[in-house]
Amino acid sequence: MNDLIDKLVCYHGTALIETIKEKAGKFELPDTSDKKPQKGRVVLISDTNDISDFGLVFKCPAKVGQIVWYKNWSSEVFDIGGRDYINMQFRHIIMGERE
């Protein structure tokens, strides 16, 4: 893992997810598919819950290392060590692979 990732801390009910680019055969799917659920691996999880404006509490549904699918509401993609990461609120993680 990247040394910078080891030093990061997530805040306010968020998870840092390393994006996984899906490929169809030899071709990478186009970026226009970003409104569809995206796939990634959970790298970090904040210690606090995700609390909505209405007071709804969302706990992180995933564990570090788990593969998840999430709603891509944010265009904020961070390049850390040549890999793409996104900081996602817990409520936008929609499913994960069983261990």
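The preceding data block contains the structure.
Everything in this summary refers to the structure shown in the same document. In this numbering scheme, every chain counts its residues from 1 along its sequence in written order. Only residues with pLDDT of 70 or above have their local features reported here, since the model is predicted, and side-chain atom pairs are shown and tallied only from 80 upward, although totals for entire chains, interfaces and linings are computed over all residues. Water and hydrogen atoms play no part in the side-chain values, which are based on all heavy atoms of the structure.

### Looking at the overall build of the protein
Next up, step 1: Looking only at helices and strands, the protein features one helix and ten strands.
Next up, step 2: Secondary structure counts use DSSP, requiring at least four H or I residues in a row for a helix and at least two E residues in a row for a strand, with both numbered from the N terminus. Element order for the protein, N to C, with α for helix and β for strand: α-β-β-β-β-β-β-β-β-β-β.
Next up, step 3: Expressed as a percentage of the 99 residues in the protein, the buried residues total 31%.
Next up, step 4: It only takes one pair of heavy atoms within 4.5 Å for two residues to be counted as in contact. Here the analysis covers contacts within the protein between residues at least 6 apart in sequence; of these, 69% occur between residues at least 24 apart. A 1.4 Å probe rolled over the protein chains alone gives each residue an accessible area, and that area as a share of the maximum for its type sets the label: buried under 20%, exposed over 50%, partly exposed in between.

### Topic: the sheet that holds strand S7 (residues 67-70)
Next up, step 1: A pair of strands is treated as paired once DSSP finds two or more bridges between them. Strands sit in the order S8-S9-S1-S4-S7-S10 across an open sheet of six strands; the sheet is antiparallel. With one partner strand each, in any of the chains shown, strand S8 (77-80) and strand S10 (93-96) form the two edges of the open sheet. The mean inter-strand angle of the sheet, taken between neighbouring strand axes irrespective of direction, is 45 degrees.
Next up, step 2: As judged from the four bridges shared by strand S4 (residues 38-45) and S7, these two strands associate in the antiparallel manner. The residue of S7 that forms the bridge with arginine 41 is isoleucine 67. To obtain an axis, a line is fitted to C-alpha atoms, over the contacting stretch when the element is a helix, and the angle between two such axes runs from 0 to 180 degrees between their N-to-C directions.

### What to know about unusual backbone geometry
Of all residues except glycine, most have a negative phi; of all peptide bonds, most are trans.
Next up, step 1: At histidine 12, a position not held by glycine, the phi torsion is positive, near 55 degrees.
Next up, step 2: With respect to the secondary-structure elements, histidine 12 resides in the loop between helix H1 (3-7) and strand S1 (14-20).
Next up, step 3: The class of histidine 12 is exposed, set by a relative accessible area of 65%.

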